[in-house]
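Working through the structure, step by step
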Number of protein chains: 2
Amino acid sequence: MCARETGRRTGRPRSAEADRAILDAARQALVELGWGRLSMGDVAARAGVAKTTLYRRWANKNELVVDAVAALFDELELPDRGSLRADVEGVVLQFAALLEQPATRTALMAVVAEATHDEALRRRIRAAIVDRQKRLVIEGRRRAQERGEIPPDDGDPTAQVDLIFDVIAGAVVHRALVSCEPVDADWAARFTTVLLGGLAAASAI
Amino acid sequence: MCARETGRRTGRPRSAEADRAILDAARQALVELGWGRLSMGDVAARAGVAKTTLYRRWANKNELVVDAVAALFDELELPDRGSLRADVEGVVLQFAALLEQPATRTALMAVVAEATHDEALRRRIRAAIVDRQKRLVIEGRRRAQERGEIPPDDGDPTAQVDLIFDVIAGAVVHRALVSCEPVDADWAARFTTVLLGGLAAASAI
DNA sequence: ACTCTTTCGATACGACCCGTAGCGTAACTG
DNA sequence: CAGTTACGCTACGGGTCGTATCGAAAGAGT
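What counts, and at which threshold
- Residues numbered from 1 in each chain as written.
- Chains lettered and ligands numbered in written order.
- Predicted model: local features only at pLDDT ≥ 70, side-chain atom pairs only at ≥ 80, totals over all residues.
- Heavy atoms only, no water.
- Helix = DSSP H or I, 4+ residues; strand = E, 2+ residues; numbered from the N terminus.
- Buried < 20%, exposed > 50% of the residue type's maximum accessible area, 1.4 Å probe, protein only.
- Contact = heavy atoms within 4.5 Å.
- Near = heavy atom within 4 Å.
- Polar contact = N/O pair within 3.5 Å; in protein donor to acceptor, adjacent residues only side chain to side chain.
- Least-squares fit on C-alpha atoms with pLDDT ≥ 70 in both.
- UniProt positions renumbered as here; feature names shortened; annotations may be inferred.
- Axes fitted to C-alpha atoms, helices over the stretch in contact; angles between N-to-C directions.
- Parallel < 35°, antiparallel > 145°, perpendicular 65-115°, else oblique.
- Left-handed = near helix turned anticlockwise from the far one by under 90°.
- Phe/Tyr/Trp six-rings, centres within 6.5 Å; stacked < 30°, edge-to-face > 60°.
- Buried area = accessible area lost by both parts, 1.4 Å probe.
- Salt bridge = Lys/Arg side-chain N within 4 Å of Asp/Glu carboxyl O.
- Nonpolar A, V, L, I, M, F, W, Y, C, P; charged D, E, K, R; others polar.

As annotated in an unreviewed UniProt entry, chain A carries the name Transcriptional regulator, TetR family and comes from Actinacidiphila glaucinigra.

The residue A:Asp162 is located in helix H8 (residues 158-178) in this model. For A:Asp162, a relative accessible area of 11% translates into the label buried. When sequence neighbours within four positions are dropped, the list of residues in contact with A:Asp162 reads A:Lys134, B:Arg175 and B:Glu181.

Around DNA strand D, the structure places 26 residues, and the nearest of them are A:Thr53, A:Arg57, B:Met40, B:Lys51 and B:Thr52. Counting only the atoms of DNA strand D that lie within 4 Å of the protein, the sugar and phosphate share comes to 59%. Between a phosphate oxygen of DNA strand D and a main-chain N or O atom of A:Ser15, the distance comes to 3.4 Å. Side-chain polar atom of B:Tyr55 to a phosphate oxygen of DNA strand D: 3.0 Å apart, as the coordinates give it. Mapped by element, the contributors of at least two residues to the surface near DNA strand D are helix H3 (51-57) of chain A together with helix H2 (40-47) and helix H3 (51-57) of chain B. Per-element accounting of the surface near DNA strand D gives the leading share, four residues, to H3(A).

What follows deals with the relation of the copies chain B and chain A. Between the two copies, chain B and chain A, the superposition gives an RMSD of 0.2 Å; the rotation angle is 179° and the shift along the axis is 0.0 Å. Here the two chains are linked by the operation of a two-fold rotation axis. The overlap is high: 100% of the interface residues of chain B also sit at the interface in chain A, so the same surface is used on both sides.

Next up on the list: the protein's contact with DNA strand C. As a matter of local geometry, DNA strand C sits amid 25 residues, with A:Ser39, A:Met40, B:Gly11, B:Thr53 and B:Arg57 nearest to it. Of all DNA strand C atoms lying within 4 Å of any protein atom, the proportion belonging to sugar or phosphate reaches 63%. Residue A:Tyr55 places a side-chain N or O atom 3.0 Å away from a phosphate oxygen belonging to DNA strand C. Contacts to DNA strand C include B:Ala50, whose backbone N or O atom sits 3.3 Å from a phosphate oxygen. Among the elements that take part in the surface near DNA strand C, H3(B) stands out by supplying four residues, more than any other.

When the UniProt feature table is mapped onto this chain numbering, "domain: HTH tetR-type" (unreviewed entry) sits at residues 16-76 of chain A. Between the end C-alpha atoms of residues 16-76 of chain A the distance is 24 Å, and the span holds 77% helix and 0% strand.

The next point concerns the environment of A:Asn60. By secondary structure assignment, the location of A:Asn60 is in the loop between H3 and helix H4 (61-70). Among the polar contacts listed, one links the side chain of A:Asn60 to the backbone nitrogen of A:Asn62, at a separation of 3.2 Å.

Looking now at the packing of helix H5 (residues 84-100) of chain B against helix H9 (residues 185-203) of chain B. Residue and element names in this part refer to chain B. Orientation of H5 relative to H9, taken along the N-to-C sense of each, is 130°, at an axis distance of 9 Å. Comparing their axes, H9 and H5 come out oblique. Remark: the crossing between H5 and H9 carries right-handed chirality. In contact with Leu84, Arg85, Val88, Glu89, Val92 and Leu93 of H5, H9 contributes Ala185, Trp187, Ala188, Ala189, Phe191, Thr192, Thr193, Leu195 and Leu196.

Moving on: the packing of aromatic side chains. All names here are of chain B. In this structure the tally under the stated criterion is two aromatic pairs over all chains. Taken together, a centroid distance of 5.2 Å and an interplanar angle of 5° make the contact between Trp187 and Phe191 stacked. With Trp187 and Phe191 both in helix H9, this residue pair falls four residues apart, about one helical turn.

A word on the interface of chain B and chain A. Contact residues are listed per partner, giving 45 residues for chain B and 46 residues for chain A. Regarding the contact of chain B and chain A, the summed buried area is about 3600 Å², with carbon and sulfur atoms giving 67% of it. Where chain B meets chain A, there are two salt bridges. One salt bridge connects A:Asp166 with B:Arg175, and the closest N-O pair in it is separated by 3.4 Å. Our count for the chain B to chain A interface comes out at four residue pairs in polar contact (both at pLDDT 80 or more). Secondary structure elements with two or more residues in the side of chain B that touches chain A: helix H1 (16-37), helix H6 (102-115), helix H7 (119-147), helix H8 (158-178) and H9 of chain B. Ranked by residue count, the leading element in the side of chain B that touches chain A is H8(B), at 13 residues. Here the residues of the side of chain B that touches chain A sort into 23 nonpolar, eleven polar and eleven charged.

As structure tokens, then:
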């Protein structure tokens, strides 16, 4: 989205090191200053590059910050822990650990807030962050079906996947970012009990 | 937080009409422009007052916007609909309707994002918005216990109230603001089924 | 009526930031 | 070496924040 590949045959190549330095500087500045007080000049100074270099790669502040944030969520995974309950608790704690890092927390809230009145930014965030994490729900469901813990699909599972995703991500984000209370193993266990009990009741209809 | 009561014995009184005009203008500007592009000069112009008048009442932009937002959540209520399920569905839809208003949506996200790196603002928001809404959960629980739908408390119900609150508010906020999909009667019904089933399973332990 | 106190409107101001433009230089290619 | 592109640097216009200043207005008390 920043460096063109086609038509670039000669000339001084872009510094990949500068890319990393800029994104790191942007994340660091976002943590320390927040969205409003983050300035492009400051990011450039932290990265040790000129401000014009930032604008050669990203069109504006929003684009740069979103790119800096998107990479933070790539580390989420869903290792097979042997049972649906363990998988859910595992991903809840993993997600919570990510949100406990000030970088991720500040970045996510800032980006979501900015997207509230920017449709293009909203689409970009949904594609880069939200839809990507839904894979975790889909994968966990598939494993649980293979284990026989939940019944196989009858029809389109999209609605149920969306509901589960909103409940998990919503509850964790709300507790971590709005209520500002810890998402520890005890909370994860109680939350998982509610979620699995609820899904069992819902599928029994 | 703005008008002092002690020591104010004489002089020209503050215009209460200006207060309302400023808060209305701030909400309107927040909807149209978002946090980043909302300017104090613009709010002053919309309200028909001088910019200095804003700074005489609020220390800075954050304080003004938070005050403008806090009032939006006062309209939430929990009418008795006769059953726990109906009460939950009612408050979910009511909350969702509030979040569907661009004013509330933009304002909430902007304020939460701003609070991520501002401890004082965070405390203010929790006291003014979060803790206030927990009353809805406490009241709904009490009614359900009186009806015999859920067992009475054994010990401190704080943890369960907090969990329920995070699940309800988190799921609704996440669907409405992050997933950007509608919270309609169908979704509310399915969500309530999951929640009540989960609570029944949790209390059966 | 007169004074005192406080608020109000209007204007100007310094500081900061965004995003752009121009220029000379560095790095890489054929 | 010539051509092309990225880079650092500087400067700029436009906008905003928050403050300062000053005269006028609106009440309260005597």
